[in-house]
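Structural overview for review
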Amino acid sequence: MSGRAQPLIIGAGPAGIRAAEALVEAGLRPLVVDEAPACGGQIYRQRLVPDERSSVALYGSEAPKAERLHRDFAALAGKLDYWPQALLWNLRDGKADIAVGGASRQVAYDGLVLATGATDRVLPIPGWTLPGVFTLGGAQIALKAQGCAIGSRVVFVGSGPLLYLVAWQYMKAGVSVAAVLDTAPFSAKFNLLRGLALEPAVILRGMRMTAELRLKGVALRYGVRDVRIEGEERVGGIAWREDIREMHLACDGVGYGLALRPETQLADLAGCRFRFDARDRAWLPECDAAGRTSVPGVYLAGDGAGIAGADAAELAGERAGLALRQDRGLPHAPERAAAIERSLARIGRFRDVLELAFPFPAHWARDMADETLVCRCEEISAGEIRRAAAHFGTGEINRLKAVSRIGMGRCQGRICGSAAAELLAAETGRSVDAVGRLRSQAPIKPIPLTMALAQPQAEAAE
Ligand SMILES: Cc1cc2nc3c(=O)[nH]c(=O)nc-3n(C[C@H](O)[C@H](O)[C@H](O)COP(=O)(O)OP(=O)(O)OC[C@H]3O[C@@H](n4cnc5c(N)ncnc54)[C@H](O)[C@@H]3O)c2cc1C
């Protein structure tokens, strides 16, 4: 290789792997870093310990895609460097701080692809911190990676396609699923018919899953509100309202989530410009159709740039890789790049449809009881946030953080940040974009203090 440093790719999920492939194809040797022990990202996550489950049992209809992605990444061995179980915790001065093997290493890079994916989005509800309550993604990880269920009689509640998918996966794994409680009214689902023209296979798969849940006797309820998870030491049941009826079910596990939230902290640390995305109700790093951000040499791909799903992530990863190649003056397959952009635009229109079918229950923030815990790291309730906002007269999220400590704990606002913004917006009568964006701070995830304080070992892999 020339004297230039390696391109660095963060994330070995669908987006990161396809970006790596595009770079290797042009003779580059990227360094791929992922905090997970094996490649695949969220959807194609591999089990931690080998067991007897088949690929179809693990990934359902997506098994061929999962196998292909794992296989393609394995085929790149020797042509790239891959650091699993390695956390990129800071970006500064054009270098990346990576916690790996018990030490922090500082890596210089030439071209950075952020393919960091997403995490579950939650709005706190009473009882959400009880043992036995998991996010939908967490419930799926337990099943997929560890082969265990979050309870023996489980209720799934929230919004988004993952709600039905995870319920179906639990049912298929032989767990008793007591109910699926959807926060959207049934009428919202008619929007899915508009998605038939865009992604017929996805819509039909969703319809099949819903029909199988019904056939197995799983109660599907729509338009649920005032959800309360009950129990003393751990989950014992769940209560909610439907129209004017009070409903209740006994259960020992709850999976809860309101769709996904892009992981954008690294783009923030890299200095990328952000814009508010009304569909995702989130501030997202700006990028063009190829994934180029406002910072030259920094690219975004996959759910970390805005939620679009695994197929889009593969395409966006490849597109970002081609953009990096073009910016380096290497061959960059312009026809393929244009075809990818057309596919991504179609998937984007499909995403609009999904948002109408699975809307975010924004009014829940206004209705949140004062005693509901919002920030579990710092133990701050909705009432304390409201009082802090009123006392200090603030309607800005970073100021709220300073006066209330919301978002200062271990999660650094990754879990509570969007809930706090929704709450502040509801409290001050402003739109959620008007309360601003929580600024990211390093380390973006917990690392030992000794690592953060140690003088980094600088290295520039070439
Ligand atoms: C918990 C969860 C479960 C999901 N399940 C499904 C599903 O069953 N079906 C479906 O269609 N979609 C599912 N989705 C959505 C789907 O996973 C995504 O659309 C798709 O995986 C996006 O691919 P990606 O490459 O952008 O990100 P991901 O697949 O999320 O990959 C991102 C990778 O980046 C790594 N990473 C992130 N930050 C860092 C860092 N700082 N340092 C090092 N590594 C880092 C992560 O470990 C991860 O492996 C799920 C999403 C989540 C969050």
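So, a few notes on the structure that sits alongside this text. Since this is a predicted model, take the numbers as computed values, not measurements.

**With respect to the site of the ligand**
If you check the shell around the ligand, you find 33 residues, and the closest are Ala-15, Asp-34, Gln-42, Gln-140 and Asp-303. Contacts to the ligand include Glu-35, whose backbone N or O atom sits 3.1 Å from a nitrogen atom. With respect to the ligand, the side chain of Asp-303 contributes an N or O atom lying 2.6 Å from an oxygen atom. Computed on the free molecule, the ligand has an accessible area of 980 Å², of which 91% lies beneath the protein chains in the complex. Within the residue set of the shell around the ligand, elements represented by two or more residues are α1 (14-25), β4 (86-92), β8 (118-120), α4 (136-146), α5 (161-172) and α9 (310-327). Grouping the amino acids of the shell around the ligand by side-chain chemistry returns 18 nonpolar, 11 polar and four charged. No fewer than three residues from each of domain 1 (6-119 + 261-354) and domain 2 (122-258) sit in the shell around the ligand.

**Quick look at a nonpolar patch on the surface**
Taken together, the side chains of Phe-186, Phe-190, Leu-193, Leu-196, Leu-204 and Met-207 present a nonpolar region at the surface, about 590 Å² in accessible area. Within the secondary structure layout, Met-207 lies in helix α7 (residues 200-215). Met-207 sits in the partly exposed class, given a relative accessible area of 46%.

**Points about helix α12 (residues 382-391)**
Buried within α12 we find Ala-382, Gly-383, Ile-385, Arg-386, Ala-388 and Ala-389. Once α12 finishes, Gly-393 follows within two positions and takes phi at roughly 60°, a positive value.

**Quick word on the sheet that holds strand β1 (residues 8-10)**
The five strands lie next to each other as β3-β2-β1-β7-β20, forming an open sheet whose pairing is parallel. Two strands close off the open sheet at either side, each with one partner strand: β3 (81-83) and β20 (298-300). Recorded for the sheet is a direction-independent mean angle of 15° between the axes of neighbouring strands. Relative to β3, strand β2 (residues 31-33) is paired through three bridges, and the arrangement is parallel. Among the inter-strand pairings, Val-33 is bridged to a residue of β3, identified as Trp-83.

**Digging into the nonpolar core**
Ile-238, Val-254, Tyr-256, Val-374 and Ile-406 are the most contacted members of the largest nonpolar core, which totals 47 residues. Looking at this core, you find at least three residues from each of domain 2 (122-258) and domain 3 (363-435). Aside from chain neighbours lying at most four places away, what touches Ile-238 is Val-155, Val-157, Leu-181, Val-227, Arg-228, Ile-229, Glu-230, Met-247, His-248, Leu-249, Cys-251 and Val-254. Core analysis: the next-biggest nonpolar cluster, separate from the first, contains 38 residues, Ile-17, Cys-39, Leu-76 and Leu-80 among them.

**As for the packing of aromatic side chains**
Applying the stated criterion to the full structure yields seven aromatic pairs. Ring centres 5.0 Å apart and planes at 70° place the aromatic pair Phe-186 and Tyr-222 in the edge-to-face group. In this pair, Phe-186 sits in the loop between β11 (176-182) and α6 (192-195) while Tyr-222 sits in the loop between β12 (219-221) and β13 (225-230), placing the two residues 36 residues apart along the sequence. A relative accessible area of 41% places Phe-186 in the partly exposed class. Judged by its relative accessible area of 17%, Tyr-222 falls in the buried class. Geometrically, the ring pair formed by Phe-276 and Trp-283 is edge-to-face, given 5.5 Å between the ring centres and 70° between the ring planes. Look at Phe-276 and you get partly exposed, because its relative accessible area is 23%. Among the aromatic residues, those joined into a ring-pair cluster are Phe-186, Phe-190 and Tyr-222. The ring centre of Trp-128 lies 5.0 Å from the NZ or CZ of Arg-376, which sits over that ring. Taking NZ or CZ as reference, Arg-437 lies 4.0 Å from the ring centre of Phe-274, over its face.

Cut-offs and rules
Residues numbered from 1 in each chain as written. Predicted model: local features only at pLDDT ≥ 70, side-chain atom pairs only at ≥ 80, totals over all residues. Heavy atoms only, no water. Near = heavy atom within 4 Å. Polar contact = N/O pair within 3.5 Å; in protein donor to acceptor, adjacent residues only side chain to side chain. Areas by Shrake-Rupley, 256 points an atom, 1.4 Å probe, with all protein chains shown as cover. Helix = DSSP H or I, 4+ residues; strand = E, 2+ residues; numbered from the N terminus. Nonpolar A, V, L, I, M, F, W, Y, C, P; charged D, E, K, R; others polar. Domains from an automatic or database assignment. Patch = residues over 30% accessible without salt bridge, like charges linked within 9 Å, V, L, I, M, F, W, Y side chains within 5 Å. Salt bridge = Lys/Arg side-chain N within 4 Å of Asp/Glu carboxyl O. Buried < 20%, exposed > 50% of the residue type's maximum accessible area, 1.4 Å probe, protein only. Pairing = 2+ DSSP bridges. Axes fitted to C-alpha atoms, helices over the stretch in contact; angles between N-to-C directions. Core = buried A, V, L, I, M, F, W, Y, C linked by side-chain atoms within 4.5 Å. Contact = heavy atoms within 4.5 Å. Phe/Tyr/Trp six-rings, centres within 6.5 Å; stacked < 30°, edge-to-face > 60°. Lys NZ or Arg CZ within 6 Å of the ring centre and 35° of its normal.

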